[in-house]
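Coordinates in review
Listed below are the residues making up each chain.
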Amino acid sequence: MYPAPRLLPAVSNHAGHAMIYLVLDAVTTAAILFVITSGLLIIFGVMKIINFAHAGFLTVGGYVALVATDLEINPWLGFPLALIVGVALGIVIERLILRYLYDRPLDAILATWGLGIIMIQLVTIYFGREVQFTDRPISGAVDIIGAVYSEYRLWMIAFALAFAAAMWALQHGTRLGLQTRAVIMNEPLARSLGINSVKVRLITFAFGAGLACLAGALIVPLSSLNPNLGIPWLVSAFMLVLVAGNSFASLGLACVVLGTAQVVISTYTNPVIGNLTLPVLGALLLRIRPKGFALE
Amino acid sequence: MNRKPFQLLTGAIVAAALAGSAIAQGDPIVIGVPTGLSGANSTVAPAVVQSSELAVAEINAEGGILGREVRLEVADDESSAAGAQRAFDDLIFDRNVDAIISMETSAARNAGLPIVERGQVPYIYTSLYEGQSCNQYLYANGAVPQQMVGPIVDQFMNNDGAKRFFLVGSDYAFGRGMLEFTRNYIEQAGGEVVAEEYQPINATDWTTVITQMRRSQPDAVIMSTAGGAPNVTLQRQYKAAGMEALVGNLSVDELTAQAMGEDAEGIYISASYLTQIDTDRNRDFLARMKEKFGDDYRMPNDLSAPQYDAIYLYKAAIEMAGTTDTDAVIDALDDVSFTGPRGTVQMNHQRHAPLTMRLGRVQADGSVEVVEVFENVNPGDQCPDPS
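Residues numbered from 1 in each chain as written. Chains lettered and ligands numbered in written order. Predicted model: local features only at pLDDT ≥ 70, side-chain atom pairs only at ≥ 80, totals over all residues. Heavy atoms only, no water.

Quick notes on the overall build of chain B
Operational definition: Think of it this way: any DSSP run of H or I at least four residues long counts as a helix, any run of E at least two long counts as a strand, and we number them from the N terminus. Using C-alpha atoms as the atom set, the radius of gyration is obtained and then compared with a globule rule of 2.2 Å times the number of residues to the power 0.38. Each residue's exposure class comes from its accessible area (1.4 Å probe, protein chains only) as a fraction of the maximum for that residue type: buried when under 20%, exposed when over 50%, partly exposed otherwise. The contact definition used throughout considers only heavy atoms, calling two residues in contact when any of these lie within 4.5 Å.
Counting its regular elements, chain B contains 12 helices and 14 strands. Computed over C-alpha atoms, the radius of gyration of chain B comes to 23 Å, within 12% of the 21 Å expected from 2.2 N^0.38 for 387 residues, which places it in the range of a compact globule. Taking the principal axes of its C-alpha atoms as reference, chain B extends roughly 100 × 40 × 35 Å. In chain B, which comprises 387 residues, the proportion classed as buried is 60%. The long-range fraction of contacts in chain B, counting pairs at least 24 apart against all pairs at least 6 apart in sequence, stands at 70%.

Right under this line is the structure:
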C-alpha cells in the first residue's frame with residue numbers, strides 16, 4: 001500500500017565521516033552559544049550587572065518571528081524586526097527602571113529577574129502557552145564535504161561571525177565604541193573627561209537587549225516556540241559570561257572550548273552527562289582561574 | 001379552617017421548582033482536572049480541557065448525575081512534579097473535588113498520587129503512559145506500551161524489513177518506561193537495538209543524539225519524548241539533519257503532528273484515538289466539539305478523547321453505586337463501560353482498558369492516515385497484585 005521507504009540514506013554516511021560530524025557539531029554548537037550569549041555579555045561588560053531578564057528578551061525575540069509569520073512577510077525580515085523590537089524595549093526599560101538602580105547592583109538583579117518573569121507572562125497571556133509554529137527561512141539539510149548536515153545550523157556559524165564582526169566594528173571603529181571602552185575601564189575617569197556615561201549605558205542596554213531579541217528569533221527555527229523558549233539557555237549563557245569577563249574574543253574562545261567539550265562528552269558518553277559539561281567545567285575553571293577566559 | 005388550597009399551592013410551587021431545574025438538588029459533583037496548561041504538555045492541554053467541558057455540558061443538559069449538577073475545576077500542573085503537588089493539593093483540599101480525572105505527564109501523576117491517597121478520592125488517569133502505575137484509587141483508560149509498541153515495531157520489521165533500531169526519549173518515567181518495553185519487544189522479535197539515548201525533558205538541542213544516529217545507521221528510530229514541545233524540537237532537528245530512517249513516535253499526538261506539517265511527514269504513530277476513525281459516534285463527537293467551541297476548537301486527539309470517555313465512565317460508576325462515596329465508586333469503575341469516540345471502553349483489566357489501536361502514518365499536510373486497525377488489544381499485566 002505504501003512505497004517501501006529507503007532503509008539506507010541515499011548519500012553515503014559512513015563512519016569515516018564521524019570526525020566531520022563531530023567538528024560540525026562542535027563548531028555550530030559554539031556558534032549558537034555565542035549568538036545566545038552576546039547580548040548578555042555586552043550589558044555585563046559596561047554595566048557590571050547580569051541581566052536576569054535575558055531569557056525574557058530571547059522569548060520576545062522568538063515571538064517577533066511568530067508575528068512576522070502572521071503578517072506573512074519574508075521570514076528573513078523577522079530577524080531585523082526582532083533587533084528593532086529589542087532595542088526599543090531596551091530603551092524603555094533602561095529609562096523607566098534600570099537607570100535608578102545603577103548604584104544598587106543587588107536590587108538590579110532582582111529587578112531584571114522580575115522583569116524577565118513579567119515579559120514571559122505577558123507573552124504567555126497574549127500568545128498562549130502552547131507551542132507555536134513559524135515560517136522558517138531555511139529548512140532541510142545540505143551536503144558538505146560528503147556529510148549531510150542541517151543547513152540552518154551552518155547558517156548559525158555565519159550569524160555568530162556577523163555578531164562578532166558587528167561588535168568589533170562598533171567597539172573599535174566608532175566614537176561610541178571608544179567611549180564605551182573608556183566607561184568599561186574606568187567610569188569615574190571617563191566621566192571626568194566629559195563622556196556622558198548615562199548615555200553610554202542607555203545605548204549599551206538597548207543594544208544588548210536588541211541582540212538578545214535577535215538571538216531569540218535566530219534560534220526559533222532550531223527549536224519549538226513557546227514562552228519558555230529562552231529558559232533552557234540561561235544557565236549556559238550566565239556561565240559563559242562569567243568565564244568570558246567582558247571581552248568578545250574571550251567569549252568566542254569560551255564558546256569554542258566549552259561547546260566542543262559539551263559535544264565531545266555528549267557524543268562519547270551520553271547527552272545527559274553532556275548537558276552538565278558546560279556548567280561543571282565553567283565552575284571548575286572559575287575555581288582554578290578566577291579570570292576565566294579573560295585575556296588580559 | 002380549610003387548608004387545602006394552601007397545600008395545593010405549596011405542592012405546585014415545589015413541583016414547579018423541580019420541573020424548572022431538574023438538577024438543582026444537592027451540591028454539585030465536582031471533578032478536578034489538573035493538567036499541563038504550561039510546560040511540555042501545553043500543546044495538548046487545551047484540547048483536554050475542551051473534552052472535559054463538552055462531556056460535562058452534555059451530562060448537565062441531560063440532567064446531571066443522580067440529579068446533581070456536575071462542575072469542573074481545572075488547575076495547571078505545569079507538566080511537572082512540583083506543579084502537580086500544588087495543583088492536587090489545591091483541588092483536593094481547597095476546592096474539595098469528588099474525583100480527579102486528568103491527562104498529565106507521568107511525573108505529574110506520580111507526584112499527585114500520594115496526595116490522592118491522603119485525600120481519598122477516585123483518580124482516573126487518561127493519558128497514554130508507560131504502564132504499571134498501581135494504586136487503590138487509580139484507574140487508567142489510556143494506552144500502555146503493550147498496546148502501542150507492537151503495531152509500530154511489527155510494521156517496521158515485517159513490512160519494511162527493519163532490523164536495527166535506535167531508541168531516543170526524554171529522561172523521565174514515560175520516556176524510559178516506554179523504551180524499556182520497546183527494547184525487550186524488539187529483541188524478542190529478533191531485532192537489534194543499536195543505541196538508547198535520553199535527554200532532559202526540556203532539552204532544546206538534539207544534535208549530538210542525531211550525530212550518534214548517523215554513526216550507528218539504524219533502519220528505524222523509535223522516539224518517546226514528552227508530548228508537545230520536545231517532540232517538535234527533536235523531529236524538526238531530525239528532519240533538518242537529512243535523516244531518512246523510518247520514524248515511529250510513541251508520544252506524538254495527532255494535533256502536534258498536524259501543527260508540525262511536513263516536518264512530521266512519514267512518522268508512524270500508534271493511537272487509540274484518531275480523528276479519522278470512521279464511526280457515527282466519532283463523527284458526532286467531532287461535530288459537537290466544533291459546534292460548542294467554534295473558533296476556539298482544538299482538534300481532539302489521543303490525549304484528549306480518553307478524557308471525554310473517563311468523565312462518562314465516572315458518571316456511569318456513580319450511577320451504578322448510587323453515591324459519590326469513594327470506595328463504592330472505585331468498585332463500580334471496574335464494571336461500567338462507555339461507548340464513545342474510541343469505541344467501547346471498560347477499565348476491567350487490572351484497572352486498565354483493552355483498547356482498539358490504530359496504526360497511523362502522518363501525511364505531508366499533517367493529517368494522519370489510518371494504516372491498520374488492531375481490535376481490542378489487551379493491556380497485559382499492569383497491576384497483577386490487587387491492592
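Okay, back to it.
Topic: the overall build of chain A
Looking only at helices and strands, chain A has 11 helices and 2 strands in total. Written out in order from the N terminus, the α and β elements of chain A read α-α-α-α-β-β-α-α-α-α-α-α-α. Taking 296 residues into account, the globule formula puts the C-alpha radius of gyration at 19 Å, and chain A, at 20 Å, falls close to it. With the C-alpha coordinates of chain A rotated into their principal frame, the extents come out at 75 × 45 × 35 Å. Buried positions account for 52% of the 296 residues belonging to chain A.

What to know about the nonpolar core
How we decide: As used here, the term nonpolar core means buried Ala, Val, Leu, Ile, Met, Phe, Trp, Tyr and Cys residues forming a set that is joined through side-chain atoms within 4.5 Å.
Core analysis: the biggest nonpolar cluster contains 94 residues, and Phe156, Phe165 and Tyr314 of chain B have the highest contact counts within it. Tallying contributions element by element places helix 11 (residues 305-321) of chain B first for this core, with 9 residues. Residue contacts for Phe165 of chain B: discarding those within four places in its chain leaves Val153, Phe156, Met157, Ile186, Glu192, Val193, Val194, Ala195, Pro218, Ala220 and Ile222 of chain B. Membership of the second largest hydrophobic core comes to 76 residues, among which are Ile36, Ala53, Ile219 and Cys255 of chain A.

Side note on the state of the cysteines
Defined as follows: In this description, a disulfide is simply a cysteine sulfur pair whose atoms lie within 2.5 Å.
Per the counting criterion, the structure on display carries 1 disulfide over all chains. Covalent S-S linkage joins Cys134 of chain B and Cys383 of chain B, the inter-sulfur distance amounting to 1.9 Å. Its torsion about the S-S bond being -95 degrees, the disulfide of Cys134 of chain B and Cys383 of chain B is classed as left-handed. Of this pair, Cys134 of chain B sits in the loop between strand 4 (123-125) and strand 5 (138-140) while Cys383 of chain B sits in the segment after strand 14 (368-377); the two residues are 249 residues apart in sequence, bridging distant segments of the chain. Judged by its relative accessible area of 39%, Cys134 of chain B falls in the partly exposed class. By relative accessible area, which is 11% here, Cys383 of chain B ends up buried. Counting only cysteine sulfurs, Cys255 of chain A is the nearest neighbor of Cys213 of chain A, a cysteine outside any disulfide, at a range of 19 Å. Cys255 of chain A sits in the buried class, given a relative accessible area of 1%.

Concerning the packing of aromatic side chains
Residue and element names in this part refer to chain A. Using the following cut-off: For this analysis, a ring pair means two rings from Phe, Tyr or Trp (six-membered ring only for Trp) whose centres lie within 6.5 Å, classed as stacked if their planes differ by under 30 degrees, edge-to-face if by over 60, and tilted for the remaining angles.
Counted under the stated rule, the structure contains 23 aromatic pairs over all chains. On the numbers, 5.9 Å between centres and 75 degrees between planes, the contact of Phe79 with Phe159 is edge-to-face. Taken together, the positions of Phe79 in helix 3 (residues 78-96) and Phe159 in helix 5 (residues 151-173) put the pair 80 residues apart, joining distant regions of the chain. Site record: aromatic cluster; members linked through ring pairs are Trp76, Phe79, Tyr152, Trp155 and Phe159.

What about the sheet that holds strand 9 (residues 246-249) of chain B?
Residues and elements named next belong to chain B. The condition that has to hold: For two strands to be treated as a pair, DSSP must find no fewer than two bridges joining them. To obtain each axis, a line is fitted to C-alpha atoms, and for helices this fit is confined to the stretch in contact; angles are then taken between N-to-C directions over 0 to 180 degrees.
Judged by pairing direction, the sheet is mixed, and its 7 strands sit side by side in the order 7-6-8-9-10-13-14 without closing on themselves. For this open sheet the edge positions go to strand 7 (192-199) and strand 14, each flanked by a neighbour on one side alone. On average, each strand axis in the sheet is inclined to that of its neighbour by 20 degrees, with strand direction left out of account. In this sheet, strand 8 (residues 220-224) lies alongside strand 6 (residues 164-170) in parallel orientation, the contact comprising 5 bridges. Within strand 8, the position partnered with Val168 by the bridge is Met223. Its contacts with the sheet place helix 5 (residues 145-159) against strand 6, strand 8, strand 9, strand 10 (268-271), strand 13 (355-362) and strand 14, and it is angled at close to 150 degrees to strand 10. Packed onto the sheet, helix 7 (residues 207-216) meets strand 6, strand 7 and strand 8 and runs at close to 170 degrees relative to strand 6.

What about the interface of chain A and chain B?
Many analyses report the size of an interface as the accessible area lost when the parts associate. What counts, and what does not: Values labelled buried area give the accessible surface lost by two parts on being combined, using a 1.4 Å probe and summing over both. Put simply, a salt bridge is a Lys or Arg side-chain nitrogen that is within 4 Å of an Asp or Glu carboxyl oxygen. Two N or O atoms count as a polar contact when they lie within 3.5 Å, although within protein this holds only if one can serve as hydrogen donor and the other as acceptor, and sequence-adjacent residues are included solely when both atoms are side-chain atoms. Amino acids outside the nonpolar list (Ala, Val, Leu, Ile, Met, Phe, Trp, Tyr, Cys, Pro) and the charged list (Asp, Glu, Lys, Arg) are all regarded as polar, and Gly is one of them.
Counting residues at the interface gives 43 residues for chain A and 44 residues for chain B. For the pair chain A and chain B, the two sides together bury roughly 3,800 Å², of which 54% comes from carbon and sulfur. One can count 2 salt bridges joining chain A with chain B. Seen at the junction of chain A and chain B, the total is 13 residue pairs in polar contact (both at pLDDT 80 or more). Elements with a minimum of two residues in the side of chain A that touches chain B: helix 1 (18-47), strand 2 (147-150), helix 5, helix 9 (231-244), helix 10 (248-268) and helix 11 (271-288) of chain A. For the side of chain A that touches chain B, a count of residues per class yields 23 nonpolar, 13 polar and 7 charged.

Digging into helix 2 (residues 45-61) of chain B
Residue and element names in this part refer to chain B. Let me state the cut-off plainly: Helix span is expected to be 1.5 Å times the residue number reduced by one.
Between the first and last C-alpha of helix 2 there are 24 Å, a value that for 17 residues agrees with the 24 Å anticipated at 1.5 Å per step. The element helix 2 is largely enclosed, with a buried count of 14 among its 17 residues. Once helix 2 ends, the next one or two residues include Gly63, with phi positive near 105 degrees.

Side note on the pairing of strand 7 of chain B
Residues and elements named next belong to chain B. Stated formally: When the strands point away from the viewer, a crossover counts as right-handed if the route from the first strand across the helix to the second turns clockwise.
Note: strand 6 against strand 7, 7 bridges, orientation parallel. The residue bridging Phe166 from the neighbouring strand is Ala195, located in strand 7. Running through helix 6 (residues 173-188), the crossover from strand 6 to the neighbouring parallel element strand 7 is right-handed.

Things to note about the sheet that holds strand 3 (residues 99-102) of chain B
Residue and element names in this part refer to chain B. As summarised here, the arrangement of the 5 strands in space is 2-1-3-4-5, forming an open sheet in which the pairing is parallel. Of all the strands in the sheet, just strand 2 (70-76) and strand 5 have a single pairing partner and so form its edges. Neighbouring strand axes in the sheet, compared pairwise and without regard to direction, differ in orientation by 25 degrees on average. In this structure, strand 1 (residues 29-35) lies alongside strand 3, joined through 2 bridges in parallel fashion. Looking at the pairing, Gly32 lines up with Ile100 of strand 3. Its contacts with the sheet put helix 2 on strand 1 and strand 2, and the angle it makes with strand 2 is roughly 170 degrees. Helix 4 (residues 106-119) contacts strand 4 and strand 5 of the sheet and is inclined by roughly 170 degrees relative to strand 4.

Purely geometric numbers; function is a separate question.
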